[in-house]
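Residue-level structural notes
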Amino acid sequence: MNDKETLIQADKGQQAIAIHLITKDGLEEFLKGRTVPQRAALEAQRFAGEAGSHAILPEGDGWSVVTGVAKADALSTWCLAKLPQALPAGTYRLASAEPGAALLGWVSAQYRFERYLSEPKAEGPRTLLTGQPKAIDGVLAEAAATALVRDLVNTPAEDMGPVDLEAHAEAIAKPHGAVVRVTRGDALQTEFPMIHAVGRAAARSHAPRLIEIEWGDPAHPRVAVVGKGVCFDSGGLDIKPSSGMLLMKKDMGGAAHALALAQLVMDANLPVRLHVLVPAVENAIAGNAFRPGDVLRSRAGISVEIGNTDAEGRLVLGDALTRAGEDKPELMIDFATLTGAARVALGPDLPALFARLDDTAQALIDAGTAVDDPCWRLPLYDGYREFLKSDIADINNAGTGGFAGATTAALFLDRFVPEGIDWAHFDTFAWRPSAKPGRPKGGDALGLRAAWHMLHKRYSA
């Protein structure tokens, strides 16, 4: 992506190409003030004012842009996001409005993942001016966090293993003076046995670990953020088919969200005591892989029968959530690419949200709706806990019956969160299967900004 600081700038009266915002109902009135050549140009381009469409308008010795929007007086995050991909490099200004929420979409639309291209496409920035300069830093911070998620998820597993997640955690923590602790090897096996069991079959270069970041004044409210860091998921001995394995580089998407949220919290100096936990593993296949039917110990002392080695994310999260709960946080949020069932229920765009407290769930939903990062609440229904029963252990990791897979996974996690803690769980996809304006195909942040704006509202007052 171009230097983000060049993509939006304060409007100081500099020369810029005008962008006219038109609603479909307002097109006729707009045309009344246009010259004959201008009307002819719009007709030739078949511009009808549809939201998301645009046309080039001759204007004096130059040109301007006309674009359709649903509501000219209430711009959404993504309503202008097609333009940076369609227009040439240059500086632009809305003719009769402030971009507001659309600033983020303008920046995010210019994201490119070009790490592996021999000849990256050379493109100059499309700069949008705003008369609200105080909004710029916040927009750029959210765009940077979104880009971080995309970069981490898009990177293949060979270059985004547990050691690489650790390096990114260090890079995020260092500028803020945060402390990073990493548990690996024999200590991991003793202290976090489920994390170790899931990751022990990986190559030494991808050895499992628990990564923790601590930041902030201990006197401030303690907030824990946990992210599933399965850097690649073969399914283990319950091996996935090739089609199911193809996108499994994205199975650390929860960790990407957690690190990006930590970056937002620390950049904004939010008055919280932040504790980030990323159980980083590769679920590989080898002679020492954990097996279906095994019973694993957990940090919490709960015994877990393995019904399926491909239900590994909840195992590593179980140990991490237990550790997070030991410090009694006021709020705990986790992100995980946990279940296909959530995608069957809600599709790729909507993270499934589970929460113990109605007020917390509603705050997250409201925050997501306000910033065009929606999520949808699913139930932590006690009646389905019976699906996790085991004949020989305290709990089974896979569940039985084939029903309510997202809920039973969330109920498994709930067992490892101490009672009385305000806990929310995002079962997110972290991937966009097809491009949308401002949101290219590939890794993406889904639920990140909902969580961030909820935290900001809750703790910045």
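Preceding block: the structure.
One structure accompanies this document, and this report is about it. Just so you know, these numbers come straight off a predicted model, no measurement behind them.

Observations regarding the overall build of the chain
Scanning the chain for helices and strands turns up 15 helices and 20 strands. Taking the principal axes of the C-alpha coordinates as reference, the chain spans close to 80 × 50 × 45 Å. Taken across its 461 residues, the chain has 52% of its residues classed as buried. Counting only carbon and sulfur atoms, one obtains 51% of the accessible surface of the chain, whose full area is about 19,300 Å². Across the chain, the centroid of the 47 positively charged side chains sits 2 Å from that of the 57 negatively charged ones.

Observations concerning the sheet that holds strand 13 (residues 304-305)
Read across the sheet, three strands follow the order 12-13-17 without closing on themselves; strand pairing throughout is mixed. The open sheet has two edge strands, strand 12 (295-296) and strand 17 (395-396), and neither has a second partner. Of the strand pairs in this sheet, strand 13 and strand 17 are connected by two bridges, and their pairing is parallel. Bridge assignment links valine 304 to a residue of strand 17, and that residue is isoleucine 395.

Section: the pattern of salt bridges
A full pass over the atoms with the stated rule returns 34 salt bridges. Aspartate 349 serves as the salt-bridge partner of arginine 432, at 3.2 Å between the closest nitrogen and oxygen. Linking arginine 432 in strand 19 (residues 431-432) with aspartate 349 in the loop between helix 12 (340-346) and strand 15 (352-355), this pair joins segments that are 83 residues apart in sequence. One continuous salt-bridge network, built from bridges that share partners, spans Arg181, Glu212, Glu214, Arg222, Arg273, Arg299, Arg323, Glu326 and Asp327.

Focus on the nonpolar core
Of all hydrophobic cores here, the largest spans 56 residues; its most connected members are Leu165, Leu274 and Leu455. Residue contributions to this core peak at ten residues, all from helix 10 (residues 253-267). Setting aside residues no more than four positions away along its own chain, leucine 455 makes contact with Val223, Leu261, Val265, Leu270, Leu331, Ile333 and Ser460. One finds Leu210, Val281, Leu338 and Val417 within the second-largest nonpolar core, a separate group that totals 36 residues.

Concerning a nonpolar patch on the surface
Where nonpolar side chains cluster on the molecular surface, the patch consists of Leu237, Ile239 and Ile285 and spans about 260 Å² of accessible area. With respect to the helices, strands and loops of the structure, leucine 237 is situated in the loop between strand 10 (229-233) and helix 9 (242-245).

Quick notes on the side chain of arginine 222
Tracing the backbone shows arginine 222 in strand 9 (residues 222-227). If we ignore the near neighbours within four places in the chain, the residues touching arginine 222 are Glu214, Arg273, His275, Asp327, Pro329, Glu330 and Leu331.

Details of the sheet that holds strand 2 (residues 17-22)
Strand pairing in a sheet takes place through backbone hydrogen bonds and is either antiparallel or parallel in direction. As summarised here, the arrangement of the six strands in space is 1-6-5-2-4-3, forming an open sheet in which the pairing is mixed. Because the sheet does not close on itself, it has two edges, and the strands there are strand 1 (8-10) and strand 3 (54-59). Strand-to-strand twist of the sheet, defined as the mean angle between neighbouring strand axes without regard to direction, takes the value 35 degrees. Pairing of strand 2 with strand 5 (residues 90-94), which is carried by three bridges, proceeds in the parallel orientation. Paired with isoleucine 19 across the bridge in strand 5 is leucine 94. On the sheet, helix 2 (residues 36-44) packs against strand 3 and strand 4 (62-68) and is oriented at approximately 160 degrees with respect to strand 3. The strands that helix 5 (residues 136-154) touches are strand 1 and strand 6 (126-130); relative to strand 1, the one it contacts most, it runs at about 170 degrees.

Let's talk about the side chain of aspartate 444
Relative to the helices and strands, aspartate 444 is located in the loop between strand 20 (442-443) and helix 15 (448-459). Residue classification places aspartate 444 among the buried positions, given a relative accessible area of 2%. At 2.9 Å, the side chain of aspartate 444 forms a polar contact with the side chain of arginine 432. Apart from residues no more than four positions distant in its own chain, aspartate 444 is found in contact with Thr146, Val149, Arg150, His257, Ala430, Trp431, Arg432 and Arg439.

Concerning unusual backbone geometry
Here the phi dihedral of arginine 46 falls at roughly 55 degrees; this positive angle occurs in a residue that is not glycine. Residue arginine 46 is classed as exposed on the basis of its relative accessible area of 77%. With a phi angle near 55 degrees, lysine 328 is a residue other than glycine that sits in the positive phi range. Along the chain, lysine 328 falls in the loop between helix 11 (313-325) and strand 14 (331-336).

What counts, and at which threshold
- Residues numbered from 1 in each chain as written.
- Predicted model: local features only at pLDDT ≥ 70, side-chain atom pairs only at ≥ 80, totals over all residues.
- Heavy atoms only, no water.
- Helix = DSSP H or I, 4+ residues; strand = E, 2+ residues; numbered from the N terminus.
- Buried < 20%, exposed > 50% of the residue type's maximum accessible area, 1.4 Å probe, protein only.
- Areas by Shrake-Rupley, 256 points an atom, 1.4 Å probe, with all protein chains shown as cover.
- Lys, Arg positive; Asp, Glu negative; His and termini not counted.
- Charge placed at Lys NZ, Arg CZ, Asp CG, Glu CD.
- Pairing = 2+ DSSP bridges.
- Salt bridge = Lys/Arg side-chain N within 4 Å of Asp/Glu carboxyl O.
- Core = buried A, V, L, I, M, F, W, Y, C linked by side-chain atoms within 4.5 Å.
- Contact = heavy atoms within 4.5 Å.
- Patch = residues over 30% accessible without salt bridge, like charges linked within 9 Å, V, L, I, M, F, W, Y side chains within 5 Å.
- Axes fitted to C-alpha atoms, helices over the stretch in contact; angles between N-to-C directions.
- Polar contact = N/O pair within 3.5 Å; in protein donor to acceptor, adjacent residues only side chain to side chain.

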